[in-house]
Amino acid sequence: MLRKIPGFKDTFLIGNVLEICLPPENGINFFEAVEGRDDEYIMMYAKKKRTAMLDLLILAQQEGLINSIGIEEEVDTFMFEGHDTTAAGLSYCLMLLANHPYIQDKVFVEQREIFGDTKRTATLKDLNAMHYLDRCIKESFRLYPPVPFISRWMNESVTLSNYTVPAGTSCNIHIYDLHRSELLYPNPSLFDPDRFLPENVAKRHHYAYIPFSAGPRNCIGQKFAMMVMKSIVSGIIRNFELHPVTTCSDLRFQVDLILRNSEPVYIKFTKREIAI
Ligand code: HEM
């Protein structure tokens, strides 16, 4: 009985995810299945000839490059990396907007410019037009990076400034502290989305801002995460006004891989009289 459970779990887990993620017509032949359809999400795959992650994994399995346990591990990684990080990012971003009404108003004005009086849901084009919200999210990731530190094992010695870091050293890169360096960000505790205006970004070192890490092992879900963040914050701000309950100075973090507060982050929502 016990021996059967892992096998059952494999089929169940992967089967469930596949059912949700792959078009019912035909899991592998996605391009054929979507021919003639033109909604923008389908076009993202069909027109640009991109293969969805699970399609890729199944193709790799058919070529004997990965087994079903391997696929499950890949799915688990995506679920873990993509869920808690975005949830933490959202809490801090909404808390910051609640505590900075002037900035929240500017986000709302931008939403009105994009959606007018319509109640339609956001498209990819709308998300790309949310420049101010984009800056607010980036600034909230600066102050509260959902992944506060990353680690690297040194395979070879590296000289940094006048220090040699020998091979075999385990290095922790403290994103939280980097993002609050006075040398990089004057008045670092201030929530100022305009730090991410293109002209201001251009003045900083490329690695001064690394909420998604950098280099070949950076976050693979970075663009998706920004789309999720924008969709959710936009949906909330269009319908609700946020008021502060938890403030920045109330925050006390736990030691964890994700930036977590030891107490819940509270925000008061009131329905907007003229929601869009
Ligand atoms: C606000 C949201 C997110 C943040 C802040 C974030 C941050 C990060 C960081 C810092 C890393 C690098 C870890 C390291 O260098 O050790 C990473 C890796 C990764 N992230 Fe994200 N992430 C987010 C959302 C997502 C989403 C939505 C997905 C998938 C849908 C995702 C999938 C991954 C994967 C698979 C890796 C490992 C990449 C590799 O090792 O090559 N992440 N993420």
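Note that the structure is a prediction, hence the values are computed from the model and not measured.

A closer look at the coordination of the iron atom of the ligand
Here comes step 1: No protein donor other than Cys219 (SG) coordinates the iron atom of the ligand, and that contact is at 2.3 Å.
Here comes step 2: Inspection of the secondary structure assignment puts Cys219 in the loop between α10 (198-201) and α11 (222-239).

Section: unusual backbone geometry
Here comes step 1: Positive phi, close to 50 degrees, is recorded for Ser161, a residue that is not glycine.
Here comes step 2: Positive phi, close to 65 degrees, is recorded for Ser213, a residue that is not glycine.
Here comes step 3: Here Ser213 shows up in the loop between α10 and α11.
Here comes step 4: Judged by relative accessible area, Ser213 falls into the buried class, the value being 16%.

A short note on the packing of aromatic side chains
The relative placement of two aromatic rings is captured by the distance of their centres and the angle of their planes.
Here comes step 1: Taken as a whole and judged by the stated rule, the model has seven aromatic pairs.
Here comes step 2: Both rings, one in Tyr92 and one in Phe253, keep their centres 6.2 Å apart while their planes meet at 75 degrees; by these two values the pair is edge-to-face. Taken together, the residues Tyr92 in helix α5 (residues 68-99) and Phe253 in strand β6 (residues 253-254) connect sequence positions 161 residues apart.
Here comes step 3: Aromatic pair Tyr176 and Phe253: ring centres 5.7 Å apart, planes at 75 degrees, arrangement edge-to-face. Separated by 77 residues along the polypeptide, Tyr176 in helix α9 (residues 175-178) and Phe253 in strand β6 bring together distant segments of the chain.
Here comes step 4: On the accessibility criterion, Tyr176 (21% relative accessible area) is partly exposed.

Brief notes about the site of the ligand
Here comes step 1: Neighbouring residues of the ligand: 20 residues in total, closest Gly82, Arg152, Ser213, Arg217 and Cys219.
Here comes step 2: Here Arg217 contributes a side-chain N or O atom positioned 2.7 Å from an oxygen atom of the ligand.
Here comes step 3: At the level of secondary structure, the elements contributing two or more residues to the shell around the ligand comprise α5, β1 (149-153) and α11.
Here comes step 4: Looking at the shell around the ligand, the element that brings in the most residues is α5, giving five residues.

A word on the confidence of the model for the chain
Low-confidence regions, as indicated by low pLDDT, have predicted coordinates that should not be scrutinised in detail.
Here comes step 1: When pLDDT is averaged across the chain, the result is 85; 82% of the residues are at 70 or more.
Here comes step 2: Across residues 1-31, where pLDDT falls below 50, the model places 36 contacts with residues more than four positions away in sequence or in other chains.
Here comes step 3: Across the interface, the model reports ipTM at 0.98; the global pTM reads 0.83.

Some thoughts on the UniProt feature "binding site: heme" (unreviewed entry) in the chain
Here comes step 1: In the UniProt entry, the feature "binding site: heme" (unreviewed entry) is given for Cys219.
Here comes step 2: Its relative accessible area of 31% is what places Cys219 among the partly exposed residues.

Examining the environment of Ile175
Here comes step 1: Looking at where Ile175 falls in the secondary structure, it is placed in helix α9.
Here comes step 2: Separated by 67 residues in sequence, Ile175 and Phe108 have C-alpha atoms that sit 30 Å apart.
Here comes step 3: Those residues in contact with Ile175, other than ones at most four positions away along the chain, are Pro145, Val147, Pro148, Phe149, Ile150, Ile210 and Pro211.

Points about the pattern of salt bridges
Here comes step 1: As enumerated under the stated definition, the model contains ten salt bridges in all.
Here comes step 2: Residues Lys230 and Asp134 are paired through a salt bridge, measuring 3.2 Å at the closest nitrogen-oxygen approach. Of this pair, Lys230 sits in helix α11 while Asp134 sits in helix α8 (residues 131-143), and the two are 96 residues apart along the sequence.
Here comes step 3: Lys230 gets classed as buried once you look at its relative accessible area, which sits at 8%.
Here comes step 4: Between Arg142 and Glu139 there is a salt bridge, and its shortest N-O distance comes to 2.7 Å. Residue Arg142 and its partner Glu139 are located together in helix α8, separated by three residues, close to a single helical turn.
Here comes step 5: Since its relative accessible area comes to 0%, Arg142 is described here as buried.
Here comes step 6: Since its relative accessible area comes to 0%, Glu139 is described here as buried.

Section: the side chain of Arg135
Here comes step 1: Its place among the elements puts Arg135 in helix α8.
Here comes step 2: On the basis of relative accessibility, which here comes to 16%, the residue Arg135 falls in the buried class.
Here comes step 3: At 3.5 Å, the side chain of Arg135 forms a polar contact with the side chain of Asp194.
Here comes step 4: Among all residues touching Arg135, those that are not within four sequence positions of it are Pro193, Asp194, Phe196 and Leu197.

Quick notes on the packing of α5 against α8
Here comes step 1: The geometry of α5 relative to α8 is characterised by a closest axis approach of 9 Å and an angle of 110 degrees between their N-to-C directions. Between α5 and α8, the interaxial angle falls into the category roughly perpendicular. Residues Gly89, Cys93, Leu96 and Leu97 of α5 form the contact with α8, whose own contacting residues are Cys136, Ile137, Ser140, Phe141 and Leu143.
Here comes step 2: Along the lines of polarity and charge, the residues of the contact of α5 with α8 split into seven nonpolar, two polar and no charged.

What counts and what doesn't
Residues numbered from 1 in each chain as written. Predicted model: local features only at pLDDT ≥ 70, side-chain atom pairs only at ≥ 80, totals over all residues. Heavy atoms only, no water. Donors = N, O, S within 2.8 Å, 3.2 Å for Na, K, Ca; no water. Helix = DSSP H or I, 4+ residues; strand = E, 2+ residues; numbered from the N terminus. Buried < 20%, exposed > 50% of the residue type's maximum accessible area, 1.4 Å probe, protein only. Phe/Tyr/Trp six-rings, centres within 6.5 Å; stacked < 30°, edge-to-face > 60°. Near = heavy atom within 4 Å. Polar contact = N/O pair within 3.5 Å; in protein donor to acceptor, adjacent residues only side chain to side chain. pLDDT = per-residue confidence, 0-100. Contact = heavy atoms within 4.5 Å. UniProt positions renumbered as here; feature names shortened; annotations may be inferred. Salt bridge = Lys/Arg side-chain N within 4 Å of Asp/Glu carboxyl O. Axes fitted to C-alpha atoms, helices over the stretch in contact; angles between N-to-C directions. Parallel < 35°, antiparallel > 145°, perpendicular 65-115°, else oblique. Nonpolar A, V, L, I, M, F, W, Y, C, P; charged D, E, K, R; others polar.

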